[in-house]
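Geometric and topological summary
If you want the building blocks of each chain, they are given just below.
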Amino acid sequence: MKPFAYHQPNQVPDAAKLLTSIEDSKLVAGGMTLIPTLKQRLASPVALVDLSKLPNLKGITDDGATISIGAMTPHAVVAASKLVQAKIPGLAALASMIGDPAVRSRGTIGGSVANNDPAADYPAGVLGLGATIVTSAREIAADKFFLGLFETALEPGEIITAIRFPVPLKAGYAKFKAPASRYALVGVFAAKFADGVRVAVTGAGSGVFRVPPMEAALSQHFDPSAVAAIKIDTDGLTSDIHAEADYRAHLVTVMAKRAVDAALS
Amino acid sequence: MGNVIGIGASPKRKEDQRFLTGRGNYVSDIKRPGMAAGVFVRSPHGHAKLRGIDKSAALAAPGVIAVLTGDDVADDGLGSLPCGWGITDAKGVPMKEPPFPMLAQDKVRFVGDMVAFVIAETSDQANAAAELLTVDYEVLPSVVGVLEAVRPGAPQLFDDVPNNICCDWELGDKAAVETAFRKAAHVAKLSLVNNRLIGNPMEPRAAIAEYEPGTDRFTLWTTSQFPHVVRFLMGALVLNIPQHKLRVVAPDVGGGFGVKQFHYGEEAVITWAAKRVMRPIKWVASRSEGYVSDRHGRDHVTEAELALDETGKFLAFRVKTLANMGGYLSTFGPNIPTNLYGPLLGGVYTTPAIYCNVKVVFTNTVPVDAYRGAGRPEATFVLERIVDVAASEMGLDRVEIRRRNMIPKEGYPYQTPVLVQYDSGDPVGCLDGALVAADVKNFGIRKSESARKGKFRGLGYSTYVEACGLAPSRFAGRLGARGGLYESATVRVHPTGQVTVMIGTHNHGQGHETTFAQIVSEKLGVSFENVDIVFGDTDRVQFGMGTYGSRSLVVGGAALSKATDKVVAKGKKIAAHLLEAAEVDIQFEAGKFSVAGTDRTKTFEEIAGAAYVPHNYPLEVLEPGLEEQAYYDPVNFTYPGGCHIAEVEVDPETGTVTLVNYTAVDDVGTVINPMIVEGQLHGGIVQGVGQALFENAVYDEGSGQLLSGSLMDYCMPRADHMPMMKVATHSTLCTHTPMGVKGCGEVGTIGSPAAVINAVVDALSHLGVTHVDMPATPNRIWRLLQNASLPVAAE
């Protein structure tokens with residue numbers, strides 16, 4: 001690890017100011033991606049801005065038609081939340097599938113969403129549910145937030161404070177775990193709302209994406225059989241030592257079926 | 001007598017007291033006064049000429065003490081890292097043995113090859129300076145696969161090793177095999193890959209070296225399975241340090257699996273450097289560094305043919321293998337795919353003629369050497385796979401074809417056509433036991449239940465034998481071993497009757513401190529608590545060859561047994577004097593020396609006391625003290641074996657293979673501690689399952705980059721991959737080891753890969769699948785199903 005300055009601000013504006021005023025500074029939430037990168041000397045920020053002391057960034061609130069999850073809420077808390085389990089069980093299930101117990105205790109929803117790893121689970125839930133990303137500066141719709149491989153709409157110094165999820169009629173997540181990392185080789189989140197169905201895929205390509213043909217078919221008939229015959233184009237899908245693009249494409253269909261099945265059960 | 005806990009008992013492990021309370025003492029826990037930190041700079045290229053290294057910026061960095069390179073090694077006239085085995089080809093021509101410099105000179109030959117050692121006050125400073133080192137590489141094309149490496153025009157690693165072939169080795173009667181094939185009613189053929197593995201012990205490798213100018217002595221603390229061998233190889237052959245001036249300590253070591261049974265360049269560099277800078281130096285590998293420097297395992301490409309008569313009797317077996325050695329010859333490297341592979345191709349069968357040809361090949365990859373099982377899992381896999389292929393092609397039941405060819409219990413001792421003679425065994429008994437334990441007769445019901453869920457269920461057998469307890473020195477010497485393979489033990493009885501054992505094996509997770517204490521407790525009748533086992537320090541332990549090849553109990557335990565016999569023999573002489581009886585009339589039983597037919601006795605403690613306070617003692621004929629030493633060189637290998645049955649369920653939608661049942665009935669000879677044996681079997685099986693389903697070291701052809709270079713991409717088996725295993729022993733006693741033991745450290749890893757893959761193939765056989773290469777990953781299975789002749793069912 002290379003040396004760096006460490007800041008632990010008490011207010012969100014202070015944190016934002018530190019991030020904009022110190023060049024090459026990075027914020028740290030749970031640190032599940034950043035800390036290993038630092039240990040491998042692959043990143044050398046001048047300063048770390050630790051968000052753990054910021055008030056009101058942890059916890060889950062029931063807003064009626066929506067649920068708000070504070071950016072610093074660990075995955076384990078979301079997974080175990082009675083509220084999330086009751087209102088969006090598919091989201092609680094997603095949180096319970098992230099990493100391992102240590103990662104779930106430490107990793108946060110805000111960190112995961114801001115990092116936008118192409119194989120992370122939360123982006124599928126956030127995009128699949130059409131959530132709103134609440135930041136220190138504004139609110140961003142999920143459809144406008146994820147911009148591809150580790151890229152998001154966040155501006156420098158902008159800090160996620162919460163994610164607001166609309167409560168769906170039904171929602172489910174199915175994940176095919178990469179054998180070694182247990183990130184999503186392919187993960188599919190399917191959510192049914194009164195005005196239609198959203199399907200979001202993680203792991204398969206360079207970033208989370210929606211599948212309009214599946215959404216259209218499921219809006220007609222929310223059943224696994226509706227997507228069973230829908231094949232995904234391999235263009236833009238990832239090929240690596242674990243899975244070639246055609247296998248990932250096939251898994252999108254299988255996981256979509258299973259996500260709908262999970263939503264219905 | 002006290003609390004004797006002897007052979008056959010399962011006390012909790014003595015060593016777990018410190019391991020489970022965080023009080024172990026590992027190399028990285030050790031701090032020496034004035035200790036500096038060292039970091040190795042490694043080649044980022046698979047193959048490159050070293051045109052020059054500019055040290056100036058690194059030397060000027062804060063805290064830097066020294067930067068050492070291959071030129072410094074050459075200037076000091078140091079030796080090459082030695083290979084412990086020298087094999088020869090069919091004509092008796094020795095293998096090609098190019099030098100393996102401890103820091104690269106002229107060329108680098110794999111990603112991870114060491115080019116410099118940077119020493120600084122702190123590891124952060126050393127790391128920062130290492131990044132400032134300018135190495136001028138002329139990058140050359142890499143070759144990483146054995147098939148590619150032997151092709152004409154392939155990149156050549158060494159100018160004087162044509163076609164990258166180190167040795168074209170063979171074993172067996174080629175003409176007899178050809179004759180048998182001409183007469184065969186059926187010939188089964190199989191091409192397969194035995195995947196490259198990375199050992200991944202929990203504790204990464206580490207070393208500390210220190211030089212004391214006052215005594216001109218070096219001390220090396222290292223994560224080693226065999227400190228005495230490191231002392232010899234490094235001191236005598238690399239650094240020219242006299243043996244009495246070099247202490248090698250391998251304290252608590254967090255797992256080895258073979259990875260730590262080699263003499264590594266890092267050990268030599270750090271020991272040499274400690275004197276050059278007159279500072280103790282510590283180096284601790286990161287996990288990522290281990291991936292590109294810990295010796296890898298397996299990596300074969302094989303073509304096999306089995307000739308059978310019309311009844312399914314095996315007539316002859318022919319195997320051609322290309323074995324990957326990596327960029328240089330590691331300590332045991334060329335021995336593994338030859339001497340530990342070919343002689344096991346007979347398996348538990350009466351195949352009369354066997355021929356094996358192995359081309360040992362250099363490639364631009366990490367050197368390959370022994371990994372748990374070492375050669376024997378590869379042999380078992382090819383044999384047990386082709387037996388299934390033959391059964392399928394001939395329409396024979398897979399159990400029946402095995403049964404027809406098995407050596408009967410009364411057929412032992414059995415001389416194979418490939419050098420080794422099995423002393424004992426009962427493969428039919430193991431098979432029968434496993435069939436019952438695995439509930440094979442109800443497999444059809446379970447298969448139907450799986451089918452109802454849209455899953456394909458398969459059952460796989462592996463009836464195997466291995467050779468362990470390495471090794472009879474004379475035999476090994478004929479095969480090319482450059483050292484002996486005996487073991488030694490000293491039993492020191494203290495004046496108060498407690499016992500300290502100094503033994504040359506090394507305990508790094510196997511439970512030796514418990515098992516060996518049980519042997520002493522049983523044989524001397526002393527309390528289990530009153531026996532301590534000392535190992536891993538060349539200054540404390542007389543000598544030893546270390547722990548690998550399932551040899552610790554077989555060879556080390558035998559030395560210990562002999563030494564305790566000597567203690568009893570001396571004790572009888574002392575007791576005869578004290579009890580005023582003839583020595584022949586003295587009996588020793590349950591910790592008491594007594595005169596036969598009388599009630600006159602002396603306890604073990606009384607005899608120990610008399611030996612050290614010899615007021616009333618036969619000093620004219622007997623030395624005082626009670627300490628005995630024994631060396632034991634085995635007369636043969638031991639041959640554990642057994643039957644493993646795996647049951648898998650395949651999800652045809654995703655290609656996922658789930659291991660749902662696993663049964664092992666193994667013949668490991670006498671069992672000292674059943675709990676520890678069970679644990680060894682569990683661990684071994686899981687590692688074999690890892691090879692079969694998950695683990696794969698993948699290199700990029702051309703660049704030589706390791707693509708599976710971390711735990712994110714190299715899949716280790718995990719607890720949730722495993723069902724509850726049914727493990728039992730069905731033992732016949734070894735006829736030539738003192739206690740009848742055969743060893744159990746590797747059986748799990750040797751038996752399991754074939755059982756698992758045979759189960760996967762069985763599950764998919766209705767689709768025309770005849771073979772699946774390891775690891776049977778979801779991606780690979782799905783692709784097989786895409787290409788299979790029948791449509792995939794299951795919706």
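None of the values given here were measured: they were computed from a predicted structure. (Residues numbered from 1 in each chain as written. Chains lettered and ligands numbered in written order. Predicted model: local features only at pLDDT ≥ 70, side-chain atom pairs only at ≥ 80, totals over all residues. Heavy atoms only, no water.)

**Describing the sheet that holds strand β21 (residues 531–534) of chain B**
Residues and elements named next belong to chain B. Judged by pairing direction, the sheet is mixed, and its four strands sit side by side in the order β21-β20-β19-β25 without closing on themselves. Sheet topology places β21 and β25 (627–632) at the edges, where each strand pairs with a single neighbour. Adjacent strand axes in the sheet meet at a mean angle of 15°, parallel and antiparallel pairs treated alike. Where helix α15 (residues 512–524) meets the sheet, it contacts β19 (487–493), β20 (499–503) and β21, and its direction lies at approximately 135° from that of β21. Strands β19, β20 and β25 of the sheet are contacted by helix α16 (residues 552–578), whose axis makes an angle of about 145° with β25. (Pairing = 2+ DSSP bridges. Helix = DSSP H or I, 4+ residues; strand = E, 2+ residues; numbered from the N terminus. Axes fitted to C-alpha atoms, helices over the stretch in contact; angles between N-to-C directions. Contact = heavy atoms within 4.5 Å.)

**Re the UniProt feature "domain: FAD-binding PCMH-type" (unreviewed entry) in chain A**
The UniProt record marks residues 1–170 of chain A with the feature "domain: FAD-binding PCMH-type" (unreviewed entry), using the residue numbering of this structure. The span residues 1–170 of chain A shows a helical share of 35% and a strand share of 20%, and its end C-alpha atoms are spaced 45 Å apart. (UniProt positions renumbered as here; feature names shortened; annotations may be inferred.)

**A word on the pairing of β25 of chain B**
Residue and element names in this part refer to chain B. Side chains of β25 alternate between two faces, with Glu628, Ala630 and Tyr632 buried and Glu627, Gln629 and Tyr631 left unburied. Sheet topology places β19 next to β25; six bridges connect them, and they run antiparallel. Looking at the pairing, Arg492 lines up with Glu627 of β25. (Buried < 20%, exposed > 50% of the residue type's maximum accessible area, 1.4 Å probe, protein only.)

**Quick word on the domain arrangement of chain B**
Residue and element names in this part refer to chain B. Examined at the domain level, chain B breaks down into domain 1 (16–23 + 486–632), domain 2 (33–140 + 221–255 + 260–275) and domain 3 (296–470 + 636–787). With centres defined by C-alpha atoms, the gap from domain 1 to domain 3 works out at 39 Å. At the junction of the two partners, domain 1 supplies 18 residues and domain 3 supplies 20 residues. Here domain 1 packs against domain 3, burying approximately 1400 Å² in sum over the two surfaces, 66% of which is carbon and sulfur. On the domain 1 side of the contact with domain 3, Gly549, Ser550 and Val554 bury the most area, a combined 34% of that side's loss. Here domain 1 and domain 3 share zero salt bridges between them. Viewed at the interface, domain 3 and domain 1 are joined by seven residue pairs in polar contact (both at pLDDT 80 or more). (Domains from an automatic or database assignment. Buried area = accessible area lost by both parts, 1.4 Å probe. Salt bridge = Lys/Arg side-chain N within 4 Å of Asp/Glu carboxyl O. Polar contact = N/O pair within 3.5 Å; in protein donor to acceptor, adjacent residues only side chain to side chain.)

**Here's the deal with the domain arrangement of chain A**
Residue and element names in this part refer to chain A. Considered domain by domain, chain A is made up of domain 1 (5–50) and domain 2 (60–264). Listed per partner, the contact involves ten residues of domain 1 and 13 residues of domain 2. At the boundary of domain 1 with domain 2, total buried surface from both sides reaches about 860 Å², with 75% on carbon and sulfur atoms. The interface formed by domain 1 and domain 2 contains zero salt bridges. Linking domain 1 with domain 2 are two residue pairs in polar contact (both at pLDDT 80 or more), by the criterion used here. Looking at the side of domain 1 that touches domain 2 element by element, the count peaks at five residues for helix α1 (residues 12–21). Across the side of domain 1 that touches domain 2, the residue classes break down as seven nonpolar, three polar and no charged. (Nonpolar A, V, L, I, M, F, W, Y, C, P; charged D, E, K, R; others polar.)

**Here's the deal with unusual backbone geometry**
All names here are of chain B. Across the junction of Tyr412 and Pro413, the peptide omega takes the value -5°, indicating a cis bond. Mapped onto the secondary structure, Pro413 falls in the loop between α11 (398–405) and β16 (414–415). Cis geometry marks the peptide bond from Met774 to Pro775; its omega dihedral reads -10°. Here Pro775 shows up in the loop between α19 (747–764) and α20 (778–787). With a phi close to 55°, Asp216 is a non-glycine residue in the positive phi region. Its place among the elements puts Asp216 in the loop between β9 (206–212) and β10 (217–222). A positive phi is found at Met278, a non-glycine position, where the angle reads about 55°. By the element assignment, Met278 lies in the loop between α8 (265–277) and β12 (281–284). On the basis of relative accessibility, which here comes to 45%, the residue Met278 falls in the partly exposed class.

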